[in-house]
Structure formats: C-alpha cells, structure tokens
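Each chain, letter by letter, is given below.
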Amino acid sequence: MASLPLSLVQAKEDQFDIVKKRGVLKVGLSADFAPMEFERTVNGKREYAGIDVDLIKKIAKDQNVKLQIVNMSFDSLLGAMKTGKIDMIASGMTPTAEREKEVDFSNNYFSVTQKVIIQKKDKNKFKSLKDFKDVPVSVQKQTTQEELAQKEMPDATLTSLTRTPEVIMSVNTGKTKAAVIDSIVGEAYLTQNPSLTFADVEFNDSKKTTAIAVPKDSPKFLDAINQSIKDAQDKGLIKEYEKKAHKEMFDDASFLSKYGTFFIQGIGATILISIIGVIFGSLIGGIFAFLKLSSSKILKAIAWVYIEFIRGTPLLVQVFLVYFGTTAVLGLDLSAFVCGTLALILNCGAYIAEIIRAGIKAVDKGQMEAARSLGLTHAQSMNKVIMPQAIKNILPALGNEFITVIKESSIVSVIGVSELMFNAQVVQGASFDPFTPLLIAAIAYFVLTFILSRVMNVIERRMSVSD
Ligand code: ARG
C-alpha cells in the first residue's frame with residue numbers, strides 16, 4: 001500500500017496528548033440506552049443525560065478540556081473510534097475478549113445483569129431458557145446481549161436490530177416474543193410499557209459490567225480516565241448519577257412539550273440537507289451530464305464510472321464510505337452533518353446527471369441541425385435552442401428527485417446526523433414509546449413530500465401552458 005491510513009500513523013501518539021492538544025474530548029455513545037445515556041429536553045433545549053454522560057462530563061472537567069458528544073448507533077461506535085472520529089466510547093459498553101482485541105477498557109464503573117423481556121400474557125410460556133426453542137427473540141446489534149442469546153438460547157430465532165427502542169418495540173408489537181437486555185435499561189422500559197414484564201429465566205453468564213473503551217496503546221489516556229472513575233466511585237458519584245438519571249428520565253411533562261422541538265428541528269434539518277443535496281447535486285449533475293455528452297472518450301468514461309458506481313450501490317453504503325473514508329483515507333475531520341450531506345450530494349449528482357442528459361437527449365435532433373443551419377455555433381444552439389426545451393423535460397424530473405431525496409435523506413441518520421428520522425429515534429429512546437415518534441415522523445415526511453408534489457404540479461402546468 002502506498003500510503004498508510006492516517007489513523008494508523010496517529011496511533012503511535014498517546015490519545016491523551018491528542019485530546020489535550022485539541023482541547024476537546026470527543027466521546028461516542030448511542031443515546032438509546034436510558035438511564036445510561038439518553039437525550040432529553042429542558043425548556044425546549046436538547047441535552048444528553050445519563051450515568052455515562054455525567055461520568056464523561058467529569059472526565060472532561062478533570063482534564064480541563066471541552067466535551068463533545070457524538071451520538072451514533074451502537075454498532076458504529078467501535079468503527080468510529082478506529083477511524084479516529086472519537087477519542088473514547090462511553091455507552092454502557094461491556095468489556096469482552098472480542099472487543100479487547102480492538103480496544104483497551106478502563107476499570108469497570110457499573111454492574112448490570114442480563115434479563116429477558118416478554119409480554120405479560122406469555123409469562124407462563126417462558127419459564128426456562130429451553131422454552132425459547134424456535135421462538136423469535138430480538139437483541140441490539142453487536143452487543144453482549146446478542147452474544148449471550150447466541151450462546152445460551154441457541155435454538156431461538158434471533159433478530160438483531162440497530163437501536164434499543166426497536167428491540168423493545170418488536171416485543172411490544174408481537175414481532176418477536178422476547179428481548180434480551182441489560183437489567184437497568186429493561187426496568188426503564190417496563191415502567192412505560194405496562195404489557196411487558198421480565199421473564200423468570202436466568203442466564204448462566206448474566207453478570208456484566210460497563211467500562212469506557214479507548215484506542216489501544218494509550219496508557220496515559222487510560223490512566224487519566226481510570227483516575228476519574230476511581231474518584232467518582234470514592235465520592236459515591238456514580239450512585240448519585242444514577243439517581244439523577246432516573247429523575248430526569250421520568251419528568252412528567254406532556255409528550256409534545258417534551259419532544260416537540262426534536263421534530264421541528266428534525267424537519268428543519270431534513271429540508272436543509274435535501275435542498276443542499278439537490279442544489280449541489282444539480283451542479284455536479286450538470287457537469288457530469290455534459291462530460292457524458294462530450295465527444296472526449298476519457299471524459300465520457302469518467303462520467304460513466306461515477307454515475308454507474310453511485311447508481312449501482314446503496315446510499316447506505318455511500319454514507320458510511322464518506323463518513324469513515326474522509327477520516328481513515330483522507331485524514332479529514334468532518335462532522336456527521338457534513339459527511340451525510342456530502343454523501344447525499346454525490347448521490348443526487350449521479351441521478352441528476354442522468355436526468356439532465358436524458359432531458360437534453362429528448363430534444364429532437366432536428367432542432368440542433370436547424371439551429372446550426374441558421375448559422376448559430378454549437379454553443380449558441382445549445383444555449384438558445386436546445387437547453388430551453390431540455391429544461392422543460394428536466395424540471396419535473398428534478399422535482400421528483402427532490403421528493404426522493406427528502407425521503408432518502410433519512411438514511412444519513414445512521415451516522416448521527418440529527419434530521420427528522422434520527423430525532424424520531426431519539427424520542428423513541430427518551431420516551432420509551434417506540435411507536436408514536438415513528439408515526440409523527442411518517443406524517444411529517446408525508447406532508448413535506450405531498451406539499452412538494454403539489455407545487456411541482458403547479459409548475460408543470462404553468463410550463464405546459466407556456467408551450
Ligand atoms: N452492555 C451491552 C454491550 O456492551 C449493551 C450496550 C448497549 N449500549 C447502548 N448505548 N445502546 O454490548
């Protein structure tokens with residue numbers, strides 16, 4: 001390989017020095033795990049809360065650096081740390097032999113047991129682990145619960161889901177019959193979902209702990225964190241954090257007053273990234289459309305590769321490629337928002353290139369010949385004759401692309417861009433109500449796309465009148 005990824009080169013420097021130099025500690029977590037980490041609103045302002053959150057606040061304070069929390073799905077955390085997106089993980093993570101190959105763990109600061117959540121009406125059906133033979137069971141992806149279920153419920157049919165609320169929702173709706181979860185988190189969900197309960201079954205290997213994960217070979221960093229943990233334990237702070245988290249989880253304001261801002265902010269962000277995606281996508285699309293229509297074989301080939309690659313791969317993959325690629329390959333430190341928007345722009349660019357190319361191609365060949373025979377140059381014919389007609393083909397298709405982008409932009413939620421879908425998921429986690437937030441998100445997307453398609457209809461009608 002010609003050049004080493006930057007993260008490998010940097011790995012020689014103790015993470016402690018990197019953080020100190022930067023003055024900012026970037027901590028990754030998956031805020032779907034109350035009371036360990038979750039989001040809440042205080043007077044309309046969003047903030048992170050939970051035991052882990054209070055602990056990392058202390059760590060940042062002890063080191064006299066600013067704290068930056070990076071919220072993403074649990075299964076993306078280790079990758080994010082490997083590529084240098086975050087300095088450490090504080091996300092109720094359990095040290096395991098498997099993970100210790102990749103990262104170092106701090107001392108433990110919290111103990112949890114593993115429980116199974118089922119519907120109350122099934123209480124008598126599930127008395128031992130053997131009763132789960134051929135039963136659908138949900139777990140969070142890439143967690144110790146997944147591992148435990150594989151080991152101790154080998155005959156169950158496992159469904160691994162990305163986020164904790166989905167894991168619970170699937171039991172609640174009967175999609176799966178049981179879920180494996182950390183006790184303390186399960187208890188929080190039980191209080192909000194009266195039809196659910198813990199099954200009277202015991203795992204053999206049920207006692208687990210949580211610790212903070214840091215990049216390998218950063219002894220100074222690990223030491224500093226362990227110091228803070230020890231200090232917190234000595235002063236009884238962890239217990240206090242726990243009490244505080246429980247209070248903050250269940251303050252009794254109404255759903256909308258608590259979570260309304262999440263949806264409004266989310267809608268704003270979704271509109272913003274979609275507009276940026278379509279505008280810059282149109283610029284890129286225009287360029288590539290002309291490259292593809294040009295007479296140069298090389299330019300044509302470049303455009304062809306770009307368009308085919310983008311159209312032939314899922315947006316989800318592209319989002320991750322940009323997110324991790326910009327750091328691991330290019331060594332850039334871009335925010336999730338920038339990466340997500342960039343991926344959308346690149347994605348839109350390819351589709352819009354095809355829209356523009358097809359729009360130009362659809363103009364009758366005779367138009368160009370006629371324009372040229374009237375003495376116009378090729379460029380003039382393009383500008384004055386072909387493009388005005390092509391625009392009429394292109395605009396409606398662009399409108400459709402815009403509608404598609406609004407819906408597809410929900411995919412960037414996977415890297416933690418806080419648009420509508422992401423915020424709906426945050427509310428799922430914070431409210432322990434997995435369904436209502438989804439319903440609200442669905443309605444919001446629908447209203448957005450419906451309005452847009454009406455507007456497009458009006459524009460199209462105006463244009464056909466001008467014919
Ligand atoms: N303790 C489990 C593990 O380490 C689950 C942690 C899940 N954390 C979260 N924030 N969703 O795998």
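Residues numbered from 1 in each chain as written. Predicted model: local features only at pLDDT ≥ 70, side-chain atom pairs only at ≥ 80, totals over all residues. Heavy atoms only, no water.

**Student:** Could you give an account of the packing of helix α2 (residues 15–22) against helix α9 (residues 219–234), with specific residues and numbers?
**Tutor:** α9 packs onto α2 with a crossing angle of 75° between their chain directions and a minimal axis gap of 6 Å. As far as their axial angle goes, α9 and α2 are roughly perpendicular. The segment α2 lies against α9, with Gln15, Phe16, Asp17 and Val19 engaging Lys220, Phe221 and Ala224. Partitioned by chemical class, the residues of the contact of α2 with α9 number four nonpolar, one polar and two charged. (Axes fitted to C-alpha atoms, helices over the stretch in contact; angles between N-to-C directions. Helix = DSSP H or I, 4+ residues; strand = E, 2+ residues; numbered from the N terminus. Parallel < 35°, antiparallel > 145°, perpendicular 65-115°, else oblique. Contact = heavy atoms within 4.5 Å. Nonpolar A, V, L, I, M, F, W, Y, C, P; charged D, E, K, R; others polar.)

**Student:** Describe the pattern of salt bridges, with residues and values.
**Tutor:** Side chains carrying opposite charge are able to pair once their charged atoms draw close together. Counting across every chain of the model gives 26 salt bridges. The salt bridge partner of Glu13 is Lys21, with a shortest N-O separation of 2.6 Å. Given the relative accessible area of 29%, Glu13 is considered partly exposed. Look at Lys21 and you get exposed, because its relative accessible area is 65%. Measuring nitrogen to oxygen at the nearest pair gives 3.3 Å for the salt bridge that ties Glu47 to Arg40. When its relative accessible area of 31% is taken as the criterion, Glu47 is described as partly exposed. Using a relative accessible area of 15% as the deciding quantity, one classes Arg40 as buried. Among the charged side chains, a salt-bridge network with shared partners connects Arg40, Glu47, Asp54, Lys244 and Glu248. (Salt bridge = Lys/Arg side-chain N within 4 Å of Asp/Glu carboxyl O. Buried < 20%, exposed > 50% of the residue type's maximum accessible area, 1.4 Å probe, protein only.)

**Student:** Give a description of empty space enclosed by the protein that names residues and reports values.
**Tutor:** Applying the stated rule across the entire model yields four cavities of 30 Å³ or more. Within this model, the largest cavity holds a volume of roughly 80 Å³. As for the largest cavity, its lining consists of 14 residues, of which Phe33, Phe74, Gly92, Thr143 and Gln145 are closest to the centre. Residue composition of the lining of the largest cavity, by class: two nonpolar, eight polar and four charged. The space that makes up the second largest cavity amounts to roughly 60 Å³. (1 Å grid on protein atoms, 1.4 Å probe; cavity = no way out; pocket = protein on both sides within 12 Å on 5 of 7 lines; lining within 4 Å. Points joined across faces, edges and corners; volume = space filled by probe spheres on them.)

**Student:** Tell me about the layout of surface pockets, residues and numbers included.
**Tutor:** Roughly 450 Å³ of internal volume is contained in the second largest pocket. As for the second largest pocket, its lining consists of 14 residues, of which Leu293, Ile360, Lys361, Met368 and Met382 are closest to the centre. For the lining of the second largest pocket, the secondary structure elements donating two or more residues are α11 (255–293), α14 (336–361), α15 (365–373) and α16 (378–408). The class makeup of the residues in the lining of the second largest pocket is seven nonpolar, two polar and five charged.

**Student:** Which residues make up the environment of Ile356, and what are the values?
**Tutor:** With respect to the helices and strands, the residue Ile356 is situated in helix α14. Between the C-alpha atoms of Ile356 and Gly285, which are 71 residues apart in sequence, the distance is 7.3 Å. Setting aside chain neighbours within four positions, we find Ile356 in contact with Ser282, Gly285, Gly286, Ala289 and Ile394.

**Student:** Give a detailed account of the packing of aromatic side chains, specifying residues and quantitative values.
**Tutor:** The full count for this structure, using the stated rule, is seven aromatic pairs. Feature note: the residues Phe255, Tyr259 and Phe262 constitute an aromatic cluster, connected by ring pairs. Residue placement shows Lys85 over the ring face of Tyr323; its charged tip is 4.2 Å from the ring centre. For Lys115, the ring lying beneath its charged end belongs to Phe198, and the centroid distance is 5.1 Å. (Phe/Tyr/Trp six-rings, centres within 6.5 Å; stacked < 30°, edge-to-face > 60°. Lys NZ or Arg CZ within 6 Å of the ring centre and 35° of its normal.)

**Student:** I'd like to hear about the packing of helix α13 (residues 315–328) against α14, residue by residue, with values.
**Tutor:** What describes two packed helices is the angle between their axes and the distance between those same axes. Between α13 and α14, the least distance of the axes is 9 Å, while the angle of their chain directions is 130°. Looking at the two axes, α13 sits oblique to α14. Pair α13 / α14 crosses with right-handed handedness. Residues Leu315, Gln318, Val319, Val322, Tyr323 and Thr326 of α13 touch α14, and the partners they reach there are Ala336, Cys339, Leu342, Ala343, Leu344, Leu346 and Asn347. In terms of residue class, the contact of α13 with α14 is made up of 10 nonpolar, three polar and no charged. (Left-handed = near helix turned anticlockwise from the far one by under 90°.)

**Student:** So what's going on with a nonpolar patch on the surface? Which residues, and what values?
**Tutor:** A cluster of nonpolar side chains, contributed by Ile391, Leu395, Phe435, Leu439, Ile443, Phe446, Val447, Phe450, Ile451, Val455 and Ile459, occupies part of the molecular surface with about 960 Å² of accessible area. If you list the elements that add at least two residues to the nonpolar patch, you get α16 and α18 (436–466). When residues of the nonpolar patch are assigned to their parent elements, the largest contribution, eight residues, is made by α18. (Patch = residues over 30% accessible without salt bridge, like charges linked within 9 Å, V, L, I, M, F, W, Y side chains within 5 Å. Areas by Shrake-Rupley, 256 points an atom, 1.4 Å probe, with all protein chains shown as cover.)

**Student:** I'd like a description of the site of the ligand, backed by residues and values.
**Tutor:** What surrounds the ligand is a group of 16 residues, the closest being Asp32, Ser91, Thr94, Arg99 and Thr144. Between the ligand and Asp32, the relevant distance is 2.8 Å, taken from a nitrogen atom to a side-chain nitrogen or oxygen of the residue. Contacts to the ligand include Thr144, whose backbone N or O atom sits 2.7 Å from an oxygen atom. Relative to its unbound accessible area of 350 Å², the ligand is 100% covered by the protein chains. Taking a 2 Å distance to the grid points as the criterion, the majority of the atoms of the ligand fall inside the largest cavity. A class-by-class count of the residues in the shell around the ligand yields three nonpolar, nine polar and four charged. (Near = heavy atom within 4 Å. Polar contact = N/O pair within 3.5 Å; in protein donor to acceptor, adjacent residues only side chain to side chain. Sits in = over half its atoms within 2 Å of the grid points.)

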